[in-house]
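# Chains, contacts and geometry: an overview
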Amino acid sequence: MNPPRASFFSQSWLILLLGLLFGGALVAVHTNLSPVIAANQRAETLRQLPGLVLPAAELAGAEITVSGDRIAVRRASGETLDLAVAESEVAGHQLYTLAAAGGAPLGYVVRGIGSGYADDIDLLVGLSGDLERLTGLFVLSQKETPALGDEITKEPFRRWFTGAPATAPLVVVKSAAEAESAPGRVLALTAATISSRSVCDIVNATVAAVRPQLAAAASAAAPAEEGETDGGR
Amino acid sequence: MAVAELELPAAVDDGPTAAERFIAGILPENPTFRQLLGMCPTLAVTAAMKPALTMVAATAFVLISANVMVSLIRHLLKPHLRILVFTLTIATFVTIADRLLAAYLYPMSVALGPYVPLIIVNCIIIARCEVCGSKQGPFTAFADAAGNSLGFLIGLGSVATVREILGMGTWFGLPVLPAVVPRWVIMVMPPGAFIALALLLALVNWYQARPKRRAEV
């Protein structure tokens, strides 16, 4: 009878060798492709930003192209809107500030991540330039129940967030009449109340964390700009 | 029983030839319609042709790579560890396929979601490694995998064709039905996958039974 250690190696040497070879191959693939994949993910995120800040009517039939930190929105009329994106981090959240080239911020988009029914939900929330209302919602990734919870990615659910006040937390309700009765109410998805609540909780937490800091930064910047203007007179 | 007694029989190319393997995988032993293997992607990603063909391409890459790799190391396989080796090999190539899709076909990678990593548990691949890769040479293993990939293409392509045309009036996103023809929205929803597969299976079974009936008459 072989000693246990010798038996172990004689039995498993092929698996150990394959593990090393395949592991090395995967490291090489990961090292080479990671930058490309990260660039794809960033471009995909940036492509969503105009839809989260600009009114839907302005984007009807528009073609959006991303190049570095610039987003070009080519409208159906042929007119092109050139947008600049500034990325920063506020209160632990990734913040995208969208501005027309050389102009004041048109709005902000904040990334929020939180627990859903099945796994984390990663989403983008649009905030108006005056920080008074939400301007849109986009779910970047989720693993909610197919055909039930994953309806959070679709327009009928997302529309409840567009135009909702950013000054008070959103409330999930279960009847359409109640949802229509006042802004800031979100109609829960049928058979997916937990997913609906999760999205609202993530949005509420994200806005509550980011909005005061953005407001403070905006009010600090306002006198400075005023002073510069006065000094120029 | 001593381990030595469990060694695989000498792996010699005494099975079907490469051409026979190739042809068998396309229609006579079609993985979708004759063996009913790989049902998860057949039902899940066939709402339209583009995601279906991307899934076929990813599965073909894994199937061919894993079958040839297993064939190359077939003399080293121990019978009781072979499934472990198959799984390790398949998982490696699936991860490579997943990363390649995310890098060069990002929108399709997002659209297919978890179904690309799920190729690891696709029964077609492990079945071919067991039936052919672990017993015959690399050329025959390649032909076998290529034939089964074509068979899988026929399976997914036919289900996706039925679903996309009836459900959206398009094929590869191009309109093929006039606007006046009503769309069967159910066909692009999960029940539509079962309906389309059942109808196609019935058609294949009816076609297969025809010569037998004629002979009986």
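Residues numbered from 1 in each chain as written. Chains lettered and ligands numbered in written order. Predicted model: local features only at pLDDT ≥ 70, side-chain atom pairs only at ≥ 80, totals over all residues.

The next point concerns the overall build of chain B. Scanning chain B from N- to C-terminus turns up eight helices and two strands. Secondary structure elements of chain B occur, N-terminal to C-terminal, as α-α-α-α-α-α-α-β-β-α. Seen through its C-alpha atoms, chain B measures out along the principal axes to roughly 70 × 55 × 30 Å. For chain B, the residues scored as buried account for 41% of the 217 residues in total. Put simply, of all contacts in chain B between residues at least 6 apart along the chain, 77% involve residues at least 24 apart. (Helix = DSSP H or I, 4+ residues; strand = E, 2+ residues; numbered from the N terminus. Buried ≥ 20, exposed ≤ 12 C-beta atoms within 10 Å, placed from the backbone. Contact = placed C-beta atoms within 7 Å.)

All names here are of chain B. In this structure, Ala-52, Val-62, Ala-66, Ile-90, Ala-97 and Ile-125 are the most contacted members of the largest nonpolar core, which totals 48 residues. Contributions of two or more residues to this core are made by α1 (18–26), α3 (49–72), α4 (82–104), α6 (123–133), α7 (138–168) and α8 (190–216). Top contributing element to this core by residue count: α3, with eleven residues. (Core = buried A, V, L, I, M, F, W, Y, C linked by C-beta atoms within 7 Å.)

Next up on the list: the interface of chain A and chain B. Contact with chain A, which involves 16 residues of that partner, is made by 14 residues of chain B. When grouped by side-chain class, the residues that make up the side of chain A that touches chain B number eleven nonpolar, four polar and one charged. (Nonpolar A, V, L, I, M, F, W, Y, C, P; charged D, E, K, R; others polar.)

What follows covers the packing of α3 of chain B against α6 of chain B. Residues and elements named next belong to chain B. Viewed as axis vectors pointing N to C, α3 and α6 meet at an angle of 30°, and their least axial separation amounts to 9 Å. Considered as vectors, α3 and α6 are oriented roughly parallel to each other. Both α3 and α6 take part in a crossing whose hand is right-handed. Between α3 and α6, the residues in contact are Val-62, Leu-63, Ala-66, Asn-67, Val-70 and Ser-71 and Ile-124, Ile-125, Arg-128, Cys-129, Cys-132 and Gly-133, respectively. For the contact of α3 with α6, a count of residues per class yields eight nonpolar, three polar and one charged. (Axes fitted to C-alpha atoms, helices over the stretch in contact; angles between N-to-C directions. Parallel < 35°, antiparallel > 145°, perpendicular 65-115°, else oblique. Left-handed = near helix turned anticlockwise from the far one by under 90°.)

Ile-124, Ile-125, Ile-126, Arg-128, Cys-129, Cys-132 and Gly-133 of chain B are the residues of α6 of chain B that are buried. On its buried face, α6 of chain B sits against α1, α3, α4 and α7 of chain B.

Glancing now at the packing of α3 of chain B against α4 of chain B. All names here are of chain B. The interhelical angle for the contact between α3 and α4, taken along N-to-C directions, is 145°, at an axis separation of 9 Å. The hand of the α3/α4 crossing is right-handed. In this structure, α3 uses Ala-58, Phe-61, Val-62, Ser-65, Ala-66, Met-69 and Val-70 to contact α4, whose residues at the interface are Phe-86, Thr-89, Ile-90, Phe-93, Val-94, Ala-97 and Leu-101. In the contact of α3 with α4, the residues fall into twelve nonpolar, two polar and no charged.

Take unusual backbone geometry next. Residue and element names in this part refer to chain A. The backbone of Leu-131 shows a phi angle near 65°, a positive value even though the residue is not glycine. You can see Leu-131 is positioned in the loop between β6 (120–128) and β7 (134–141). Residue Leu-131 is classed as partly exposed on the basis of its 17 C-beta neighbours within 10 Å. Notably, Ala-191 is not glycine yet its phi reads approximately 65°, a positive angle. With respect to the helices and strands, the residue Ala-191 is situated in the loop between β9 (185–187) and α5 (193–232).

Turning to the confidence of the model for chain B, a few remarks are in order. When pLDDT is averaged along chain B, the result is 90; 91% of the residues meet or exceed 70. Scored by ipTM, the complex comes to 0.83, with pTM at 0.77. (pLDDT = per-residue confidence, 0-100.)

We now examine α1 of chain B. Residue and element names in this part refer to chain B. Turning to α1, its buried residues number three or more, namely Ala-18, Arg-21, Phe-22 and Gly-25. Seen from one end, α1 has its buried residues packed into an arc of 100°, which puts them on one side. Of the surrounding secondary structure, the elements contacted by the buried residues of α1 are α6 and α7. (Arc of directions from axis to C-beta.)

As a further point, take the pairing of strand β5 (residues 105–115) of chain A. Residue and element names in this part refer to chain A. Summarising the sheet, strand β4 (residues 93–100) and β5 pair through five bridges and their orientation is antiparallel. Note on β5: the bridge partner recorded for Leu-98 is Gly-107. Here β5 pairs with β6 via nine bridges, running antiparallel. In the strand pairing of β6, Gly-107 is matched with Ser-128. In this antiparallel pair of consecutive strands, β5 and β6, the connection spans four residues. (Pairing = 2+ DSSP bridges.)

Residues and elements named next belong to chain A. Relative to strand β2 (residues 70–74), strand β1 (residues 63–67) runs antiparallel, the two being bridged by five bridges. Bridging from a neighbouring strand, Ser-67 pairs with Arg-70 of β2. With antiparallel pairing between neighbouring strands as the criterion, β1 and β2 make up a hairpin whose turn holds two residues, including Gly-68 at a positive phi of roughly 60°. By the bridge criterion, five bridges tie β2 to strand β3 (residues 80–90) in an arrangement that is antiparallel. By the bridge assignment, Arg-74 is partnered in β3 with Thr-80.

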